[in-house]
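Residues per chain, in single letters:
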Amino acid sequence: MATDAPPPARTGAQLPSTEKFVEMQESTEFGELRSSYRSFAFPLTVGFIFWYLLYVLLSNYAGDFMGTKLFGNVNVALVLGLAQFLTTFLIAWWYSRHAAAQLDPKAEAIKSRMEGGA
């Protein structure tokens, strides 16, 4: 998709060489950043996929249970379905807080060191 927007202005920061990128990728600092990300994102992703598949399987194979009325016209399926939305937003909020506190400062330090040449 073509746009008429000009390319971003150069800020004077020199782009690092390929060797510097490889060196940073192999550094302990970068490894800690990746580890911090993975140790948060992977378990939550697996947990949410399990939770989602549980809901789908219960909907398909446990119709009587899912149709159990809790109060009024509200049944188990509706409550679990709404809980899917709630957990999605909670995970996004939790990840945002984790990234701001743990990932972004480390990534910014790496970025400024790479762009500044320090």
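Check the entry above for the structure.
As the structure is a computational prediction, the values presented were derived from the model and not from experiment.

Under the definition given, this model contains 1 salt bridge. In this structure, E29 engages R113 in a salt bridge whose closest nitrogen and oxygen atoms are separated by 2.4 Å. On the criterion of sequence distance, the pair formed by E29 in helix α2 (residues 28-61) and R113 in helix α4 (residues 76-116) is long-range, its members being 84 residues apart. Given the relative accessible area of 26%, E29 is considered partly exposed.

Another aspect to go through is the environment of G63. The topology assignment puts G63 in helix α3 (residues 63-66). With 13 residues separating them along the chain, G63 and V76 place their C-alpha atoms 9.9 Å apart.

Now for the nonpolar core. The biggest cluster of nonpolar side chains holds 6 residues, and these are M24, L33, A99, L103, I110 and M114. Residue contributions to this core peak at 4 residues, all from α4. Discounting chain neighbours no more than four positions away, the residues touching L33 are L103, K106, A107 and I110.

Nonpolar side chains collect at one region of the surface, where I49, Y52, L53, L57 and Y61 lie side by side and expose about 560 Å² of accessible area between them. Relative to the helices and strands, L53 is located in helix α2.

Scanning the entire structure with this criterion turns up 3 aromatic pairs. When the centroid spacing of 6.4 Å and the interplanar angle of 85 degrees are considered together, the rings of Y37 and Y95 count as edge-to-face. Within this pair, whereas Y37 is found in helix α2, its partner Y95 is found in helix α4, the two being separated by 58 residues in sequence. Classification of Y37 by relative accessible area gives partly exposed; the value is 36%. For Y95, a relative accessible area of 33% translates into the label partly exposed. Plain terms: the ring middles of F40 and W94 are 5.2 Å apart, the flat faces sit at 80 degrees to each other, and that makes the pair edge-to-face. Highlighted residues: F40 in helix α2 and W94 in helix α4, separated in sequence by 54 residues. Site record: aromatic cluster; members linked through ring pairs are Y37, F40, W94 and Y95.

Analysis parameters
Residues numbered from 1 in each chain as written. Predicted model: local features only at pLDDT ≥ 70, side-chain atom pairs only at ≥ 80, totals over all residues. Heavy atoms only, no water. Salt bridge = Lys/Arg side-chain N within 4 Å of Asp/Glu carboxyl O. Helix = DSSP H or I, 4+ residues; strand = E, 2+ residues; numbered from the N terminus. Buried < 20%, exposed > 50% of the residue type's maximum accessible area, 1.4 Å probe, protein only. Core = buried A, V, L, I, M, F, W, Y, C linked by side-chain atoms within 4.5 Å. Contact = heavy atoms within 4.5 Å. Patch = residues over 30% accessible without salt bridge, like charges linked within 9 Å, V, L, I, M, F, W, Y side chains within 5 Å. Areas by Shrake-Rupley, 256 points an atom, 1.4 Å probe, with all protein chains shown as cover. Phe/Tyr/Trp six-rings, centres within 6.5 Å; stacked < 30°, edge-to-face > 60°.

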